[in-house]
Amino acid sequence: MTVLLAAVMLPGCKKEKEENNQTGLVLGFSQIGSESAWRIGNTKDIEEQAEAYGIGLRLENANQKQDNQIAAIRRFIAYRVDVIAFSPVVEEGWDNVLMEAKEAGIPIILVDRDINTEQEGLTTCLIGADFYREGVQAAEYLIRKADRLGLEHVNIVEIGGTENSTPMRQRQAGFMDTIAGDSRMHVLESIDGDFLKSRGEECMRYYMEKYGEQIDVVFSHNDEMTIGAIPEIEKAGFKPGKDIIIISIDGGQEAINVLKEGKINCVVECTPKLGKELMETALKLKKGETVDPVIHPVEQVFSDEMNVSQIGPRGY
Ligand code: GZL
């Protein structure tokens, strides 16, 4: 029991795959957690690409806790890895540990999400989506949909991602900035769903009880929360995708399947496949080469405006 308890209590879980290290490069990666299909796909891609590039990977899962990420980064410093990369669960609170990495001469790569700091030179680059643009694309789809349906008044409820995270802040900003000029659009309420399926369900149950048939649109910051929300809409007697327009972000297989069923109207892609760019950037840093400060992957929008049966396997 003691051994079991120790295993459960350890902060996050660690995976050290250094046996295939043909490049002599050891990369420490602090991953946020396993909260969504997106996150699981991101971890899988990073592990696969480390294998493909012959890079030694020390990956730690922080179970959604910033303290666990900070502790992991400190372990990477102590282990003297060549490069540290991480996906910051929230934007603030990283200055001290990143200063320690800088003093140790270990470069930092931000993957997926960004940090908010006054300090210069704490990180080398950000490899991740343009979340603001994802929010804009979600709103642009809604405006086109409202035009097509001839809607004159559109009530929107928002299920936001993890509070103070880059995707939550920027997806919301992109969406709200884009609908701001459209007098038909009205946001009834926005609540934090933490990118979790269970919270998406809770948020939608609350919204259906409070607003019911007033709701015309659900804007959800990720597929996990959207998948959790849909049964609550149906339990309340409404047809998702028909009575209520459903807009989601990520583009994982499960959400695309629901899009094909007609219960989601639009899924903005946010690819988790950032591993190749991460490995190439880490190798450049080890050689002392300069790297691009921001690397955005190319992404697309899937919606009921297209022949959704043509959408191929998503891989996450
Ligand atoms: C986006 C990523 C978000 C996903 C969620 O790049 O940070 O975190 O949209 C995940 O599914 O939890």
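Worth saying up front: this structure is predicted, and the values here are computed from it rather than measured.

Looking now at the domain arrangement of the chain. Domain annotation of the chain identifies domain 1 (2-128 + 272-298) and domain 2 (131-270). On a C-alpha basis, the centroid separation for the pair domain 1 and domain 2 is 30 Å. On the domain 2 side, the residues contacting the 13 residues of domain 1 number 15 residues. Each partner contributes to the roughly 1100 Å² buried at the junction of domain 1 and domain 2, and carbon and sulfur atoms together form 50% of this total. At the boundary of domain 1 with domain 2, the tally comes to two salt bridges. For Arg 169, the salt bridge is made with Glu 92, and the minimal N-O distance between the two is 2.9 Å. The interface formed by domain 1 and domain 2 holds seven residue pairs in polar contact (both at pLDDT 80 or more) in total. Classifying every residue of the side of domain 1 that touches domain 2 gives six nonpolar, one polar and six charged.

Another point: the packing of aromatic side chains. Applying the stated rule across the entire model yields four aromatic pairs. Here the aromatic rings of Phe 86 and Trp 94 are separated by 4.8 Å at their centres, their planes lie at 55 degrees, and the arrangement is tilted. When sorted by exposure, Phe 86 lands in the same class as Trp 94, which is buried. Centroid distance Tyr 206 to Tyr 207: 5.6 Å. Interplanar angle 50 degrees. Geometry classified as tilted. One aromatic cluster is present, built from ring pairs that chain together Tyr 206, Tyr 207 and Tyr 211. Of note, Arg 58 hangs over the ring of Tyr 79, and the distance from its end group to the ring centre comes to 3.6 Å.

The next subject is the pairing of strand 8 (residues 185-192). Each regular strand carries side chains that alternate between the two faces of the sheet. Pairing analysis gives seven bridges linking strand 7 (residues 154-160) to strand 8, with the strands arranged parallel. Across the sheet, the residue bridging to Val 157 is Glu 189, located in strand 8. Crossover strand 7 to strand 8 through helix 6 (residues 166-179) is right-handed.

Thresholds applied
- Residues numbered from 1 in each chain as written.
- Predicted model: local features only at pLDDT ≥ 70, side-chain atom pairs only at ≥ 80, totals over all residues.
- Heavy atoms only, no water.
- Domains from an automatic or database assignment.
- Contact = heavy atoms within 4.5 Å.
- Buried area = accessible area lost by both parts, 1.4 Å probe.
- Salt bridge = Lys/Arg side-chain N within 4 Å of Asp/Glu carboxyl O.
- Polar contact = N/O pair within 3.5 Å; in protein donor to acceptor, adjacent residues only side chain to side chain.
- Nonpolar A, V, L, I, M, F, W, Y, C, P; charged D, E, K, R; others polar.
- Phe/Tyr/Trp six-rings, centres within 6.5 Å; stacked < 30°, edge-to-face > 60°.
- Buried < 20%, exposed > 50% of the residue type's maximum accessible area, 1.4 Å probe, protein only.
- Lys NZ or Arg CZ within 6 Å of the ring centre and 35° of its normal.
- Pairing = 2+ DSSP bridges.
- Helix = DSSP H or I, 4+ residues; strand = E, 2+ residues; numbered from the N terminus.
- Right-handed = clockwise from strand over helix to strand, strands pointing away.

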